[in-house]
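# Observations on the model geometry
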Amino acid sequence: MKSKSFLVPDDIYDYMLKTTLRETPVQRELRERTAAMPQARMQTGPDQLQLLQLLVRAIGARRCIEVGVYTGASALAVALALPEGGSIVACDVNEEYTAIAEEFWERAGVTNKIDLRLAPAVETLSDLLAQQGSYDFAYIDADKTNYDAYYELVLQLLRPGGLIAVDNVLWGGDVANPAQRDPDTVALRNLNEKIGRDERIDVSFLTIGDGLSLVRKR
Ligand code: CA
């Protein structure tokens, strides 16, 4: 499982990776190790990780947030793209998966840039707000029914001009099928519609991976 877009044929995706993927050996090992695990489809694709890195560099991000760590590939990618002194607050509740993340962050030499918070993300984000933190970039990729809460908290934490990348906004295409009414699909569909008319932000809905909305705070 490559976490590639279901919209892109395998040979086209392989061509994209072959021509432009820039992945360190540790990133590659983490990807392969995670691919062998249960829930491997939760892993963000390597092309999308590279997009996150480009965005971090493009806006000169120094302070980042991640909601949903899993085995750490996205925090690793962001940390590698951050300048010296840059940091990412990484929120998750799963000790088993984040233990793997920490192992690979250590090996990549980026542990000093990653602040792992093992607690419900709404609590961690509320703490950051209470500390009047200001952030440049955020990646939301966690439990879908809490996406709206994460979005609202992260939007408050972001500086004007900051970016949020919201993952899985296509949900395998289910969001476009009104007959799909399970809680995850409904949560994503509602957030997509809200983002579409949200005057606080600019948005671009990308078909990379499982759909990624890029949101810029006005
Ligand atoms: Ca995801």
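As a reminder, the structure under discussion sits directly above these lines.
About the criteria used
- Residues numbered from 1 in each chain as written.
- Predicted model: local features only at pLDDT ≥ 70, side-chain atom pairs only at ≥ 80, totals over all residues.
- Heavy atoms only, no water.
- Helix = DSSP H or I, 4+ residues; strand = E, 2+ residues; numbered from the N terminus.
- Buried < 20%, exposed > 50% of the residue type's maximum accessible area, 1.4 Å probe, protein only.
- Lys, Arg positive; Asp, Glu negative; His and termini not counted.
- Salt bridge = Lys/Arg side-chain N within 4 Å of Asp/Glu carboxyl O.
- Contact = heavy atoms within 4.5 Å.
- Axes fitted to C-alpha atoms, helices over the stretch in contact; angles between N-to-C directions.
- Parallel < 35°, antiparallel > 145°, perpendicular 65-115°, else oblique.
- Left-handed = near helix turned anticlockwise from the far one by under 90°.
- Patch = residues over 30% accessible without salt bridge, like charges linked within 9 Å, V, L, I, M, F, W, Y side chains within 5 Å.
- Areas by Shrake-Rupley, 256 points an atom, 1.4 Å probe, with all protein chains shown as cover.

## Digging into the side chain of arginine 189
Its location among the elements puts arginine 189 in helix α8 (residues 183-196). The buried charged residue arginine 189 lacks any salt bridge partner; its closest oppositely charged side chain belongs to glutamate 193, at an N-O distance of 5.3 Å. With sequence-adjacent residues up to four places away left out, arginine 189 is seen in contact with Asp174, Val175, Asn177, Pro178 and Gln180.

## Regarding the packing of helix α2 (residues 25-35) against helix α5 (residues 95-108)
Their axes nearest at 10 Å, the elements α2 and α5 cross at an angle of 165°. Comparing their axes, α5 and α2 come out roughly antiparallel. Crossing geometry of α2 relative to α5 is assigned as right-handed. Between α2 and α5, the contacting residues are Val26, Glu29, Leu30 and Arg33 on the first element and Ile100, Glu103, Phe104, Arg107 and Ala108 on the second.

## Remarks on a nonpolar patch on the surface
A cluster of nonpolar residues, Ile12, Tyr15 and Met16, forms a patch on the protein surface that exposes about 300 Å² of accessible area. Structurally, isoleucine 12 is set in helix α1 (residues 10-20).

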